[in-house]
Every structure is written in C-alpha cells, then in structure tokens.
Amino acid sequence: FAVRGATDDLSALSEVLPAIERAVRRILRERELAGTIEQLRAHGARAGYQTLDTLDADAVAAAVKAVYAEHGRLDGVVYGAGITEDQLIANTDPESFQRVFNTKVSGARALLDALASLPAPPRFTVLFGSIAAVAGNRGQAAYAAANDALETLGARWAGNGLNAFTRARSST
C-alpha cells in the first residue's frame, strides 16, 4: 500500500529526532542526578545542584558565594559542564569549536577562580572530563581539546596544594 506524503513526514521526522534525543538524554541525566542527590542526602550529606551558564563568571562566583554563605563552608564540588557538537574538524567552524571548548574550560576556570576566593577551599573538587582527551572520538576534536585543557586546569589546582582531580569518563 502507499502512504501519501510519507517522504515529507519522514523528512520532517528526521529533522525533529535529534531534538527529541537531546531532550530524552537531558531528562535521563536529570533523573540520575536527582537520584544521586537523594542517595547522598539519605546518608546525611547536605548536597545540592546548581544549574547555570558556566560562561557567566559572575553567576558562577555568586552561586559559589551563596552556597558558602548559606552553609558556612563548601566541602566539595563536582563540575560536569560540557557540550558536544560532533563533526569532522574540516567541517568545524571556529564558533562551534569555541562553544564546545569554552563551555567546559572557561566554566571550570570560572568555578576554580570562585572557589579560590573563598575563605577556605573545598576539601575536594572533581572536574568531570572525558577519555576523549586521550583516546579521541571521531568528530570530537573540540571536545577532546576541551577535556585535555580541563585536565591541565585540574592539575594546576591540585599543584597549588588543593585537593582536586579530573575524572575521565565516556563521552556517550
């Protein structure tokens, strides 16, 4: 049997599917995060989660100061900002590279600067990176570069006598 307009419907669907997949991944990440926060709280931790534009250094600093002011300390920080815009480097425009790189690196730098301004540093700081920094993934040159730079930032922070490490994970 024949379906009229099937080609148009499939074309429209192929344009919408990536947005749907991104939304589903975001929802699943948020559920996992909420579950982790609840597990920490069940063990007596006072844990929270901040969502903000990591490229806004003032917003990052304000969030760090607000948490410190509310609790009188900040015991630990886990940083996991990052985006991917996978494409071969030959097809990557400078703006795309900068978006991917700066979301992870400039955001981490803003966070570390804000933490350094506190009266007492956190007992630990974890920067979530990716194995892509070492092994690379096809189409992820910007992401790999960002994660390599993140590793350097974490090493510098730790080199200043502060407790920090970068945790590489799969980028998928």
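Before going into details, it helps to say that this report is about the structure given with it. The structure displayed is predicted, hence computed values, not measured ones.

Regarding the overall build of the protein
Then step 1. Of the regular secondary structure elements, the protein holds four helices and three strands.
Then step 2. Element order for the protein, N to C, with α for helix and β for strand: α-α-β-α-β-α-β.
Then step 3. Here the protein holds 172 residues, and 27% of them are scored as buried.
Then step 4. A fraction of 70% describes how many contacts in the protein between residues 6 or more apart in sequence connect residues 24 or more apart.
Then step 5. Accessible area of the protein: about 11,300 Å², with a carbon and sulfur share of 55%.

Here we look at the pattern of salt bridges
Then step 1. Across all of its chains, the model carries four salt bridges by this definition.
Then step 2. The salt bridge partner of Glu85 is Arg99, with a shortest N-O separation of 2.7 Å. Of this pair, Glu85 sits in the loop between β1 (76-79) and α3 (94-116) while Arg99 sits in helix α3, placing them 14 residues apart in sequence.
Then step 3. With relative accessibility at 26%, the residue Glu85 sits in the partly exposed group.

Re the side chain of Ser96
Then step 1. The topology assignment puts Ser96 in helix α3.
Then step 2. Not counting chain neighbours up to four residues away, the residues in contact with Ser96 comprise Glu85 and Gln87.

Focus: a nonpolar patch on the surface
Then step 1. Where nonpolar side chains cluster on the molecular surface, the patch consists of Leu13, Val16, Leu17, Ile20, Val24 and Leu28 and spans about 480 Å² of accessible area.
Then step 2. As for its placement among the helices and strands, Leu28 is situated in helix α1 (residues 6-42).
Then step 3. Residue class for Leu28 comes out partly exposed when judged on its relative accessible area of 49%.

Side note on the nonpolar core
Then step 1. Counting residues in each nonpolar core, the largest one holds 23 residues, and the members touching the most others are Val64, Leu74, Tyr79, Leu111, Leu112, Leu115 and Leu118.
Then step 2. Counting only elements with at least two residues in this core, the list comes to α2 (57-71), β1, α3 and α4 (141-159).
Then step 3. Broken down by element, the residue count for this core peaks at seven residues, all from α3.
Then step 4. Those residues in contact with Leu115 that sit more than four places away from it in its chain are Val64, Leu74, Val77, Pro122, Thr125 and Trp157.

Some thoughts on the packing of α3 against α4
Then step 1. Orientation of α3 relative to α4, taken along the N-to-C sense of each, is 15 degrees, at an axis distance of 7 Å. Judged by the angle between their axes, α3 and α4 are roughly parallel. Crossing hand, α3 versus α4: right-handed. Listed contacts from α4 to Phe97, Val100, Phe101, Lys104, Val105, Ala108, Arg109, Leu112, Leu115 and Ala116 of α3 are Ala141, Ala142, Tyr143, Ala145, Ala146, Asn147, Ala149, Leu150, Leu153 and Trp157.
Then step 2. A per-class count over the contact of α3 with α4 returns 17 nonpolar, one polar and two charged.

The rules behind these values
Residues numbered from 1 in each chain as written. Predicted model: local features only at pLDDT ≥ 70, side-chain atom pairs only at ≥ 80, totals over all residues. Heavy atoms only, no water. Helix = DSSP H or I, 4+ residues; strand = E, 2+ residues; numbered from the N terminus. Buried < 20%, exposed > 50% of the residue type's maximum accessible area, 1.4 Å probe, protein only. Contact = heavy atoms within 4.5 Å. Areas by Shrake-Rupley, 256 points an atom, 1.4 Å probe, with all protein chains shown as cover. Salt bridge = Lys/Arg side-chain N within 4 Å of Asp/Glu carboxyl O. Patch = residues over 30% accessible without salt bridge, like charges linked within 9 Å, V, L, I, M, F, W, Y side chains within 5 Å. Core = buried A, V, L, I, M, F, W, Y, C linked by side-chain atoms within 4.5 Å. Axes fitted to C-alpha atoms, helices over the stretch in contact; angles between N-to-C directions. Parallel < 35°, antiparallel > 145°, perpendicular 65-115°, else oblique. Left-handed = near helix turned anticlockwise from the far one by under 90°. Nonpolar A, V, L, I, M, F, W, Y, C, P; charged D, E, K, R; others polar.

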